[in-house]
Amino acid sequence: MHTHGLGTGGTPLVLDTHDPSEAREALSNAYCPHILTVSQPRDFHAVQEEVTLGPLSIHRLSYGSEASVDAEPLASWILISMVLKGRLAVSSGGAERILTSGQTIVLDSYRNFRLVFGVNSQLLTFRFDRAYVEEALHDLRGDKTTPRVRFGLQGPKSLRAAATWNAVSSLLVRESNANTSGARYPLLQDQLIRTAVAALADTHPLAIDAREVVGLQADSAAVRRVMAIVEARPEYQYQVADLAKSSGLGVRALQEAFRNQLGTTPIGFIRDVRLRRAHDDLLSGRGTTVAEVADRWGFSNLGRFAAQYRERYGFPPSATLRR
């Protein structure tokens, strides 16, 4: 997703500090009260940009160093966030997701949650006014009552749903850029935000029934078991059937749980872990050649590894090795 205008000097910079206490206070006001823990204070640099479009604000946030946020419920807001760079771990109520570049998550107004930002991670967040979302869904669906809008920690319902949300969110970013440049279209803006609410509800599963939330937590436990197995030995040539047996789910159920919880497949997760380990080794010089590092982490095809690495990091592995 392109975010031209965000970070190019035209977007209001509402936070730029090396002081964790100042960052916590400012971001508590923007979202909700929370505890901010920083692993490397000397590398800490919190930056947040913000554009407001009526009941919607668009934020771009980074902390520089690894940082964890232990937060109370959002109360007034519903957030949908996309990782632009790096890695984000999200946990709440026994469920957990690990997000990498391009993946999204929805945080509703009613749950405590914990976020762990990786080093130099960047997050693009659409902050919706909860009351506006509930009223808009009431109107769109013609409901006689307005239930609390609840989401699990899943990603989009499908790859097509993810593409639909990305298209709508790109339009929101473009409109925010027009707003900062003085080209305001209030009627279009209002309709676009209502469209975004409809897209949010259609592309990300709503958890209206408490039993759905319990099911999500059970699937999350199975996914975490598989994640732990892979993280412990990512170079091993796993079979999905064996991972499914270890998780306590069938193959199809495990595939679906990974799509819901992580926005990927078990094989995609294994590839992501291997790429991350290879990237770390190349950065730290643990290996004299790209082929050596690729083989260490289970990549049998060097050309395919190079292509996947370039797609993930934006440059070839040889460029990282030369740094």
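Structure's up top.
Below or above, wherever it landed, is the structure these notes cover.

Parameters at a glance
Residues numbered from 1 in each chain as written. Predicted model: local features only at pLDDT ≥ 70, side-chain atom pairs only at ≥ 80, totals over all residues. Heavy atoms only, no water. Phe/Tyr/Trp six-rings, centres within 6.5 Å; stacked < 30°, edge-to-face > 60°. Buried < 20%, exposed > 50% of the residue type's maximum accessible area, 1.4 Å probe, protein only. Pairing = 2+ DSSP bridges. Helix = DSSP H or I, 4+ residues; strand = E, 2+ residues; numbered from the N terminus. Axes fitted to C-alpha atoms, helices over the stretch in contact; angles between N-to-C directions. Contact = heavy atoms within 4.5 Å. Expected span 1.5 Å × (residues − 1). Polar contact = N/O pair within 3.5 Å; in protein donor to acceptor, adjacent residues only side chain to side chain. Parallel < 35°, antiparallel > 145°, perpendicular 65-115°, else oblique. Nonpolar A, V, L, I, M, F, W, Y, C, P; charged D, E, K, R; others polar.

1. Overview of the packing of aromatic side chains
Applying the stated criterion across every chain, the model contains eight aromatic pairs. For the ring pair Phe299 and Phe305, a centre distance of 4.7 Å and an interplane angle of 50° mean the geometry is tilted. Residue classification places Phe299 among the buried positions, given a relative accessible area of 10%. By relative accessible area, Phe305 is classed as buried at 0%. Measuring from ring centre to ring centre gives 5.8 Å for Phe305 and Tyr309, while their planes differ by 55°; the resulting arrangement is tilted.

2. Comments concerning the sheet that holds strand S9 (residues 104–107)
Pairing within the open sheet is antiparallel, and its six strands lie in the order S1-S3-S4-S11-S6-S9. Both outer strands of the open sheet, strand S1 (13–17) and S9, are each paired with one neighbouring strand and no more. Sheet twist, expressed as the average angle between the axes of neighbouring strands with direction ignored, equals 15°. Alignment of strand S4 (residues 56–62) against strand S11 (residues 122–129), held across seven bridges, turns out to be antiparallel. For Ile58, the partnering residue across the bridge sits in S11 and is Phe126. Docked against the sheet, helix H1 (residues 20–30) engages S1, strand S3 (46–53), S4, strand S6 (77–85) and S11, running at close to 155° with respect to S1. Running at roughly 105° to S11, helix H4 (residues 186–203) makes contact with S3, S4, S6, S9 and S11 of the sheet.

3. Considerations on helix H2 (residues 130–141)
With 12 residues, H2 ought to run about 16 Å at 1.5 Å a step, and its terminal C-alpha atoms sit 16 Å apart, in line with that. Buried within H2 are the following residues: Tyr132, Val133, Glu134, Ala136 and Leu137. Measuring from the side-chain oxygen of the N-cap residue of H2 to the backbone nitrogen of Ala131 gives 3.1 Å; that N-cap residue is Asp129.

4. Here we look at the environment of Ala30
The topology assignment puts Ala30 in helix H1. We classify Ala30 as buried; its relative accessible area is 11%. Put simply, Ala30 and Arg127 are 97 residues apart on the chain and 9.4 Å apart in space, counted from C-alpha to C-alpha. Those residues in contact with Ala30, other than ones at most four positions away along the chain, are Gln48, Trp77 and Arg127.

5. Quick notes on the packing of helix H8 (residues 266–284) against helix H10 (residues 302–313)
Relative orientation of the contacting elements H8 and H10 amounts to 85°, with a least axis distance of 11 Å. Between H8 and H10, the interaxial angle falls into the category roughly perpendicular. Contact residues: H8 offers Arg271, Asp272, Leu275, Arg276, Ala278, His279 and Leu282, while H10 offers Phe305, Gln308, Tyr309, Arg312 and Tyr313. Considered class by class, the residues forming the contact of H8 with H10 number six nonpolar, two polar and four charged.

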